Amino acid sequence: MITIDNLYKRFDKLEVLKGVSLSIDKGKTAVIIGPSGSGKTTLLRCLNLLEMPDKGTITLGDKTLQITENSRLKQGEIVSFRKQTGMVFQSYNLFPHLTAIENVMEGQVTVLKRSKDEARKKALSLLEKVGLQDRADMYPFQLSGGQQQRVGIARAMAMDPEVLLFDEPTSALDPELVGEVLKVMKDLANEGMTMVVVTHEMKFASEAADQVIFMDDGVVVEKGTPDEVFNATKNPRTMQFLNKVAER
């Protein structure tokens, strides 16, 4: 489903991604872990071109982008590539003036050109899936953080993406609300949704991931099954990171 080959990204003089290569199979969940500043979020944002890589190759589904330092992608190419992904942000990014159901309908109507009736039907079905059918007509300020994030997941799924991307989806939540969001994500993983998740939730990574990717200083240090990375790593940098996380 996803292949990344030799991906580079810099911001001014700071090189954030230094030749990242990895692949993720269809229907699998890949969890990216690592310290702050390791390039995790930048990699995720490069996957759907919210950040334009400097060079490298990204294959997503049946579309391949080969980016060089002289590449000038057309807007249509970017939109077409981005349509394959749904993004769930750290800070929800819901439209405050729209209700939950209107938030889930908006992209369907404006981007996918669905009728309002069709979009509403799909939105209701997805809100039911994330356990919020009874909150459909509430505005974001009337919802808890966990509920807002579940609306965000429903909104991303409404676009029928090939891949769901999660950028630290629980880091802005109070601890007691984290579980409700992770449950929805685990359900999606069990249903075979292809997902790439940047998170600090090691328990979720160990339980729901098919592949764990440890990044540090702009490179992939180690990748493997949760058991290989969490229980059998021989990499000193991975061990140091996991020991620090365990101390918290």
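Residues numbered from 1 in each chain as written. Predicted model: local features only at pLDDT ≥ 70, side-chain atom pairs only at ≥ 80, totals over all residues. Heavy atoms only, no water.

Where an unreviewed UniProt entry is consulted, the chain appears under the name Cystine transport system ATP-binding protein, with the organism given as Peribacillus deserti. Per UniProt, the comment on the chain under Subcellular location (unreviewed entry) is "Cell membrane". (UniProt positions renumbered as here; feature names shortened; annotations may be inferred.)

Help me understand the side chain of Glu222 in this model?
Positionally, Glu222 belongs in strand S10 (residues 219-224). For the buried Glu222, which has no salt bridge, the nearest side chain bearing the opposite charge is Lys234, at an N-O separation of 8.7 Å. Here the side chain of Glu222 touches Thr233 through a polar contact of 2.7 Å, side chain to side chain. In terms of polar contacts, Glu222 uses its side chain to reach the side chain of Thr238, at 2.7 Å. Excluding residues within four positions of it along the chain, Glu222 makes contact with Val212, Ile213, Phe214, Glu228, Val229, Thr233, Asn235 and Thr238. (Helix = DSSP H or I, 4+ residues; strand = E, 2+ residues; numbered from the N terminus. Buried < 20%, exposed > 50% of the residue type's maximum accessible area, 1.4 Å probe, protein only. Lys, Arg positive; Asp, Glu negative; His and termini not counted. Salt bridge = Lys/Arg side-chain N within 4 Å of Asp/Glu carboxyl O. Polar contact = N/O pair within 3.5 Å; in protein donor to acceptor, adjacent residues only side chain to side chain. Contact = heavy atoms within 4.5 Å.)

Can you walk me through the packing of helix H5 (residues 145-157) against helix H6 (residues 175-190) in this structure?
Each pair of packed helices can be described by the angle between their axes along with the distance between the axes. Remark: H5 packs on H6, axes separated minimally by 8 Å, with the N-to-C direction vectors making an angle of 20°. Our classification of the angle between H5 and H6 gives roughly parallel. Crossing geometry of H5 relative to H6 is assigned as right-handed. Residue-level inspection shows Gly145, Gly146, Gln147, Gln149, Arg150, Ile153 and Met157 of H5 in contact with H6, the latter providing Leu177, Glu180, Val181, Val184, Met185 and Leu188. Here the residues of the contact of H5 with H6 are counted per class, giving 7 nonpolar, 4 polar and 2 charged. (Axes fitted to C-alpha atoms, helices over the stretch in contact; angles between N-to-C directions. Parallel < 35°, antiparallel > 145°, perpendicular 65-115°, else oblique. Left-handed = near helix turned anticlockwise from the far one by under 90°. Nonpolar A, V, L, I, M, F, W, Y, C, P; charged D, E, K, R; others polar.)

Just checking my understanding: could you explain unusual backbone geometry for this structure?
In terms of backbone geometry, most residues other than glycine have negative phi values and most peptide bonds are trans. Phi at Asp160 is positive, roughly 50°, even though this residue is not glycine. You can call Asp160 partly exposed: its relative accessible area is 42%. Within the chain, Asp217 stands out as a residue other than glycine whose phi angle is a positive 55°. Summarising the element assignment, Asp217 is placed in the loop between strand S9 (211-216) and S10.

Mind showing me how you'd approach the packing of aromatic side chains here?
When we look at a pair of aromatic rings, we describe it by the centre distance and by the angle of the planes. Taken as a whole and judged by the stated rule, the model has 2 aromatic pairs. Judged by centre distance (6.4 Å) and plane angle (15°), the ring pair of Tyr139 and Phe141 falls under stacked. Tyr139 sits in the partly exposed class, given a relative accessible area of 32%. Lying across the ring of Tyr8, Lys55 places its NZ or CZ 4.9 Å from the centre. (Phe/Tyr/Trp six-rings, centres within 6.5 Å; stacked < 30°, edge-to-face > 60°. Lys NZ or Arg CZ within 6 Å of the ring centre and 35° of its normal.)

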